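# Understanding the architecture of this molecule
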Amino acid sequence: MKASLITILLLVISNVFMTIAWYGHLRLQSSGISKNWPLFVVILFSWGIALVEYMFMIPANRMGFQGNGGPFSLFQLKIIQEVISLTVFTILAMFFFSGEKLHWNHIAAFICLVAAVTFTFLPNK
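The structure presented is a predicted model; accordingly, all values stated were derived computationally and were not measured.

Here the focus is the packing of aromatic side chains. Taken as a whole, this structure holds 5 aromatic pairs when the rule is applied. An aromatic cluster is built from W22, Y23 and F89, whose rings are joined through pairwise contacts.

With that out of the way, let us pick up the pattern of salt bridges. Taken as a whole and assessed by the stated rule, the structure comprises 1 salt bridge. With its nearest N and O atoms 2.6 Å apart, the salt bridge here joins K78 to E82. With a gap of 4 residues between them, K78 and E82 both fall in helix α3 (residues 74–96), about one helical turn apart. Residue classification places K78 among the partly exposed residues on the basis of a relative accessible area of 46%.

It is worth spelling out the packing of α3 against helix α4 (residues 104–120) at this point. To characterise two packed helices, one gives the angle between the axes of the helices and the distance between these axes. Relative to each other, α3 and α4 sit at 160 degrees, their axes nearing to 9 Å. It follows that α3 is roughly antiparallel to α4 by the angle criterion. Crossing hand, α3 versus α4: left-handed. Residues Q76, I79, I80, V83, L86 and T87 of α3 form the contact with α4, whose participating residues are F110, L113, V114, A116, V117 and T120.

There is about 300 Å³ of room inside the largest pocket. As for the largest pocket, its lining consists of 16 residues, of which M18, E53, Y54, M57 and Q81 are closest to the centre. Breaking the lining of the largest pocket down by element, the ones donating at least two residues are α1 (2–30), α2 (39–64) and α3. Per element, the largest residue contribution to the lining of the largest pocket is 8 residues, and it comes from α2.

This part covers α1. The end-to-end C-alpha distance of α1, which contains 29 residues, comes to 41 Å, matching closely the 42 Å that a straight helix rising 1.5 Å per residue would cover. The axis of α1 is deflected most strongly, by about 50 degrees, at Y23. Inspection of α1 places S4, T7, L10, L11, S14, N15, M18, T19, A21, G24 and L28 among the buried residues, and these make up the whole buried set. Elements that come into contact with the buried residues of α1 comprise α2 and α3.

Overall, the predicted model of the chain reaches an average pLDDT of 90, with 100% of residues at or above 70. Put simply, α4 is where the chain has its lowest mean pLDDT, 86, and α2 is where it has its highest, 95.

Once that is clear, we can look at the nonpolar core. Generally speaking, nonpolar side chains in soluble globular proteins are found buried as a group. The biggest cluster of nonpolar side chains holds 12 residues, and these are L10, L11, M57, A60, F72, L77, I80, V83, I84, V88, L92 and V117. For this core, the secondary structure elements donating two or more residues are α1, α2 and α3. Considering each element in turn, this core owes the most residues, 6 residues, to α3. Not counting residues up to four positions away in its chain, the partners in contact with I84 are I8, L11, V12 and N15.

Rules of the game
Residues numbered from 1 in each chain as written. Predicted model: local features only at pLDDT ≥ 70, side-chain atom pairs only at ≥ 80, totals over all residues. Heavy atoms only, no water. Phe/Tyr/Trp six-rings, centres within 6.5 Å; stacked < 30°, edge-to-face > 60°. Salt bridge = Lys/Arg side-chain N within 4 Å of Asp/Glu carboxyl O. Helix = DSSP H or I, 4+ residues; strand = E, 2+ residues; numbered from the N terminus. Buried < 20%, exposed > 50% of the residue type's maximum accessible area, 1.4 Å probe, protein only. Axes fitted to C-alpha atoms, helices over the stretch in contact; angles between N-to-C directions. Parallel < 35°, antiparallel > 145°, perpendicular 65-115°, else oblique. Left-handed = near helix turned anticlockwise from the far one by under 90°. Contact = heavy atoms within 4.5 Å. 1 Å grid on protein atoms, 1.4 Å probe; cavity = no way out; pocket = protein on both sides within 12 Å on 5 of 7 lines; lining within 4 Å. Points joined across faces, edges and corners; volume = space filled by probe spheres on them. Expected span 1.5 Å × (residues − 1). Bend = angle between axes of the 7 residues up to and from the residue. pLDDT = per-residue confidence, 0-100. Core = buried A, V, L, I, M, F, W, Y, C linked by side-chain atoms within 4.5 Å.

This is the structure in structure tokens:
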């Protein structure tokens with residue numbers, strides 16, 4: 001149970017950095033901070049943030065993977081990560097991108113992803 005919780009916590013932290021690396025530059029641009037940055041500077045900036053993301057993602061996957069004594073199969077890890085990614089993205093988008101709204105179809109898609117996690121934990125028969 002401890003490895004499961006640590007894995008999930010590391011995945012959450014990783015996905016916060018991932019979301020900032022992938023979409024944070026858009027917020028910086030809309031606020032005028034990076035409006036005149038050349039694309040290569042934006043890419044390097046995002047890579048720097050992504051490096052921090054990897055510092056949490058790699059240990060999470062190593063610790064969580066059954067092949068290393070962890071509690072999750074490879075497919076379970078990936079699907080859990082996707083749900084965490086969408087959750088973190090949704091929360092950050094709602095707070096940092098004021099023009100973005102959560103609609104019924106986004107919620108329906110999220111429910112489908114949660115169902116996917118449930119299916120991955122069903123017994124294989």
